[in-house]
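Geometric and topological summary
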Amino acid sequence: MKTTEKNKTKSQKPMKIIDAHAHIFPEKIAEKAVASIGDFYDIPMRGNGTSEMLLKSGETIGVEKYLVCSTATKPQQVIPINDFIYDECQKHDEFVGFATLHPFMENIEQEIERILSLGFKGIKLHPDFQLFHIDDEKAMKMYKRVEGKLMILFHTGDDRYDYSRPTRLARVCDKFPDLKCIAAHFGGYQNWDEAYEAYDSQNIYMDTSSSLFQLNPEHALKMIDKFGVNQFFFGTDFPMWSHKQELDRLFNLNLSDEDLQSILYWNFYNTVLNDNR
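On a predicted model such as this, the values are computed, not experimentally measured, just so you know. (Residues numbered from 1 in each chain as written. Predicted model: local features only at pLDDT ≥ 70, side-chain atom pairs only at ≥ 80, totals over all residues. Heavy atoms only, no water.)

Attention now goes to unusual backbone geometry. In this structure, the amide linkage connecting Phe-238 to the following residue, Pro-239, adopts the cis form with an omega of 10°. Looking at the secondary structure, you find Pro-239 in the loop between strand E8 (232-233) and helix H10 (243-251). (Helix = DSSP H or I, 4+ residues; strand = E, 2+ residues; numbered from the N terminus.)

You can see Tyr-269 is positioned in helix H11 (residues 257-273). In sequence terms Tyr-269 and Pro-166 are 103 residues apart; their C-alpha atoms lie 25 Å from each other. If near-sequence neighbours (up to four positions away) are discounted, Tyr-269 is found in contact with Ile-18 and Asn-274. (Contact = heavy atoms within 4.5 Å.)

Residues of strand E5 (residues 151-154) alternate between two faces, with Met-151 and Leu-153 on one and Ile-152 and Phe-154 on the opposite face, all of them buried. In this sheet, E5 lies alongside strand E4 (residues 122-125) in parallel orientation, the contact comprising four bridges. Pairing of Ile-123 across the sheet is with Ile-152, part of E5. Looking at chain direction, E5 and strand E6 (residues 181-183) are connected through three bridges and run parallel. Residue pairing across strands places Phe-154 opposite Ala-183, the latter belonging to E6. Read from E5 through helix H7 (residues 166-175) to E6, the crossover connection turns out right-handed. (Buried < 20%, exposed > 50% of the residue type's maximum accessible area, 1.4 Å probe, protein only. Pairing = 2+ DSSP bridges. Right-handed = clockwise from strand over helix to strand, strands pointing away.)

In short, shape yes, function no, at least from these values alone.
Here it is as C-alpha cells:
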C-alpha cells in the first residue's frame, strides 16, 4: 500500500506507517474474543478482530505493515494460535507475524524451534491474561531460550495487577542483556511513572498503543525525551482502538515530522524488519 493523502500531519507531509501492535482472531471466534477483551478493560472495542477488519481500519491512514499477534491464555492454545497467525501471514503480505508462547507449556523448546523455522519475527506475551509474573522462574527459562533469537512484545502495566509491572520487566532485561523487548503501552499502562524510573536498557522498546487516551501529552513527551525517539513504535492495539484514533493522538503530541516518521515507520523497520540477527 502506498502512502496516501489520508495520513498527512499538520504540516501536510505524507507519512509511511507501520502498526506495531494489532490483534487478529479466526472469524468463528473473533466476536467472542473481542467482547472478552472489552469486558476485561471495560472499554468499547472498534472492530470484530478479523484480518479483513484490521486491513480496512488501517487503510484509512495508509498503513503499509502490521505486527499481528494473539495471546494463548492456556498452554494448549499455543500451537493453534501460532498456526493461525502463520496462515494469515501467508495470505497477507502486509502482516508481520509474532507467535505466542506460554511459560507453563510442555515441549516449549520444540515450539520455539518451530516458531523460528516458520519465520516469525518475535513472540507476544500478556502476563495479565496468562497469569504469570514477567520475572517468574519458568518465564526466565523461556527467555533464555529465545534470547538473541526472537523479540518479545510484552503487555506491560495495569494498576489492577502485579503480573506485568515495569520493574519486573526491568529485572528480566538486566538478566538477559541480549533479549530485545517491546514494552507495550508506553512501557506500562497506568504504571508510566514506574516505567520511567525502572527502564535503562537500550533493548527495551516501547509502543504508543492504548496509552494516549489517558496519558497526558506532557508525560508522554517526558518519556520520549528520556528514552529517545528511536525507542518508540506506533501501535494501535487494534481492535481496542481505530487506526485514525491512535494516529490523531500521536499527532497531538506535536512532534517534529522527522520524529513522527521515526515512530510511525523507521524505528520498527530498522529494528524488526531489517534486523539481521
